[in-house]
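Reading the structure
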Amino acid sequence: MGILKPITEWATSPWGQSVPIHIAWFLIWLAALAGLLFLIVHAIYVRYFAKAEEYADGGSRMPEAVLPARVPRHSLAARLFHWIMAASMFTLLVTAFLPRVGVQFDWVTYHWIAGTVLTISILFHIIHASFWLDFWAIWPDKADLVDAGKRMRRFFGQPAPPPRKFAKYPLENKLYHGAIIATGLAAIGTGVFMMFRVRTIFFPRNPYLFRDMTWGLMYVLHGLAGVGLIALVMVHVYFAVRPEKRGITESMIFGSMRRDFYLSHYDPQRWQVNHVRERPGAD
Ligand code: HEM
């Protein structure tokens with residue numbers, strides 16, 4: 001419990017036991033500051049220090065003519081999930097943290113409703129990604145790790161061949177997705193139980209479901225996941241609005257990206273596009 005002390009608030013239970021009740025709220029500012037610092041440092045690095053992107057060409061050439069003008073990337077179902085999830089995530093962040101920084105309103109009802117929407121949307125996403133999408137596309141593979149080694153050596157000025165172009169999701173996106181899984185599932189797993197502490201339409205209120213210490217640790221985990229999500233969401237939105245990522249953001253809105261964007265960033269062998277146009281003249 002010692003390591004929790006500086007980042008949590010404690011109270012004495014009716015039975016005289018000292019229990020954590022939630023995170024210390026300065027963590028909200030710390031997370032926002034960490035997110036802000038990341039994007040300032042990243043923006044300065046890209047603007048003044050980063051070298052032009054360079055990729056190995058081996059095997060990744062594909063004649064433009066075999067591709068449609070717009071390369072499909074996200075189905076309508078995947079986009080609807082993304083935006084419903086995003087709307088519920090923003091609602092959760094705003095309803096959870098505005099009251100902690102001085103904007104008082106009756107937040108709990110909006111919060112558990114948005115929490116329910118997020119939970120259902122994530123359940124849909126897990127089933128959709130497992131059976132309809134390419135489940136393994138979002139997990140790091142061997143080529144990612146080999147290329148990450150090359151990129152790291154080049155970053156530190158050591159000799160290394162250029163990395164390959166990316167599969168559908170670059171390693172950074174895969175790692176980000178992993179961080180969102182950890183924080184998102186922690187917030188959802190604890191949030192569902194925390195609904196027993198407030199009045200909802202799902203089950204009768206039962207604050208005696210767990211001991212005070214268990215409830216306290218659950219609130220702390222919920223809060224830690226929540227502040228983690230402040231920084232993660234800031235970083236995500238920052239990348240979404242960066243000019244060089246516009247093609248990706250566009251595809252999350254319209255479902256597809258321009259052919260030249262696809263060809264300049266992705267390796268057609270690592271991300272095979274289903275709707276390949278018939279080669280002109282081929283029989
Ligand atoms: C982005 C995700 C989320 C964030 C940032 C977040 C943040 C928070 C925070 C900071 C609190 C106050 C806790 C405290 O006083 O210690 C809270 C309370 C609560 N959260 Fe969340 N939460 C998230 C997701 C969820 C989800 C998915 C659910 C439900 C499935 C949920 C249900 C609740 C409930 C019921 C409470 C009220 C507990 C009470 O007042 O006793 N939350 N949330």
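Given the structure is predicted, the values throughout are model-derived calculations rather than measurements.

**Details of the packing of helix 5 (residues 171–194) against helix 6 (residues 212–241)**
Interaxial distance between helix 5 and helix 6 falls to 8 Å at its minimum, and their mutual angle equals 145°. Between helix 5 and helix 6 the crossing geometry is left-handed. When helix 5 is examined against helix 6, the residues Tyr176, Ala179, Ile180, Thr183, Ala186, Ala187, Thr190, Gly191, Phe193 and Met194 are found in contact with a partner set consisting of Trp215, Met218, Tyr219, Leu221, His222, Ala225, Leu229, Leu232, Val233 and His236.

**Focus: the coordination of the iron atom of the ligand**
Protein-derived ligands of the iron atom of the ligand are His111 (NE2) and His222 (NE2), with the metal-ligand distances lying across 2.0 Å. Take His111: its relative accessible area is 15%, and that puts it in the buried class.

**Examining the packing of aromatic side chains**
Scanning all chains against the criterion turns up 18 aromatic pairs. Centre to centre, the rings of Phe38 and Phe239 are 6.1 Å apart; their planes meet at 65°, and the pair counts as edge-to-face. Of the two residues, Phe38 is situated in helix 1 (residues 26–49) and Phe239 in helix 6; the sequence distance between them amounts to 201 residues. By relative accessible area, which is 38% here, Phe38 ends up partly exposed.

**Some thoughts on the pairing of strand 2 (residues 18–23)**
Of the pairings in the sheet, the one linking strand 1 (residues 8–12) to strand 2 comprises five bridges and is antiparallel in character. Residue pairing in the sheet places Glu9 in a bridge with His22 of strand 2. Remark: five residues form the turn of the hairpin made by strand 1 and strand 2, two consecutive strands paired antiparallel; Gly16 in that turn has positive phi of roughly 80°.

**Thoughts on the confidence of the model for the protein**
Any residue range with low pLDDT should be treated as having predicted coordinates unsuitable for detailed reading. On average, residues of the protein score 92 in pLDDT, and 94% of them are at 70 or above. Taken as a whole, residues 276–283 scores under 50 in pLDDT and shows 10 contacts with residues more than four places along the chain or in a different chain.

**So, helix 7 (residues 246–254)**
Along helix 7, the positions that sit buried rather than exposed are Gly247, Glu250, Ser251 and Met252. Elements in contact with the buried residues of helix 7: strand 3 (70–72), helix 2 (76–97), strand 4 (256–258) and helix 8 (259–265). At the exit of helix 7 stands Gly255, carrying a positive phi of roughly 100°.

**Quick notes on the site of the ligand**
Close to the ligand lie 24 residues; His22, Met89, His111, Tyr219 and His222 are nearest. His111 places a polar side-chain atom, nitrogen or oxygen, 2.7 Å from a nitrogen atom of the ligand. Side-chain polar atom of Tyr219 to an oxygen atom of the ligand: 2.4 Å apart, as the coordinates give it. Mapped onto the shell around the ligand, the elements with two or more residues apiece are helix 2, helix 3 (107–131), helix 5 and helix 6. Looking at side-chain class alone, the shell around the ligand contains 15 nonpolar, seven polar and two charged residues.

**Describing the nonpolar core**
Grouped together as the largest cluster of nonpolar side chains are 18 residues, with contacts concentrated most on Leu93, Phe97, Val227, Leu229 and Ile230. Counting residues per element, the ones that place at least two in this core are helix 1, helix 2, helix 5 and helix 6.

**Let's talk about the environment of Gly228**
Mapped onto the secondary structure, Gly228 falls in helix 6. Expressed as a C-alpha distance, the spacing of Gly228 and Ala182, which sit 46 residues apart in the sequence, is 9.9 Å.

**Examining a nonpolar patch on the surface**
Taken together, the side chains of Leu33, Leu36, Ile40, Ile44, Tyr45, Tyr48, Phe49, Met152, Phe155 and Phe156 define a hydrophobic patch exposed on the protein surface, amounting to about 1100 Å² of accessible area. Counting only elements with at least two residues in the nonpolar patch, the list comes to helix 1 and helix 4 (142–155).

**Structural notes on the environment of Ala225**
You can see Ala225 is positioned in helix 6. When the C-alpha positions of Ala225 and Ala186 are compared, they lie 6.2 Å apart, and in sequence the two are 39 residues distant. In this structure Ala225 touches Thr183, Ala186 and Ala187, once residues within four positions along its chain are discounted.

Conventions adopted
- Residues numbered from 1 in each chain as written.
- Predicted model: local features only at pLDDT ≥ 70, side-chain atom pairs only at ≥ 80, totals over all residues.
- Heavy atoms only, no water.
- Axes fitted to C-alpha atoms, helices over the stretch in contact; angles between N-to-C directions.
- Helix = DSSP H or I, 4+ residues; strand = E, 2+ residues; numbered from the N terminus.
- Left-handed = near helix turned anticlockwise from the far one by under 90°.
- Contact = heavy atoms within 4.5 Å.
- Donors = N, O, S within 2.8 Å, 3.2 Å for Na, K, Ca; no water.
- Buried < 20%, exposed > 50% of the residue type's maximum accessible area, 1.4 Å probe, protein only.
- Phe/Tyr/Trp six-rings, centres within 6.5 Å; stacked < 30°, edge-to-face > 60°.
- Pairing = 2+ DSSP bridges.
- pLDDT = per-residue confidence, 0-100.
- Near = heavy atom within 4 Å.
- Polar contact = N/O pair within 3.5 Å; in protein donor to acceptor, adjacent residues only side chain to side chain.
- Nonpolar A, V, L, I, M, F, W, Y, C, P; charged D, E, K, R; others polar.
- Core = buried A, V, L, I, M, F, W, Y, C linked by side-chain atoms within 4.5 Å.
- Patch = residues over 30% accessible without salt bridge, like charges linked within 9 Å, V, L, I, M, F, W, Y side chains within 5 Å.
- Areas by Shrake-Rupley, 256 points an atom, 1.4 Å probe, with all protein chains shown as cover.
- Salt bridge = Lys/Arg side-chain N within 4 Å of Asp/Glu carboxyl O.

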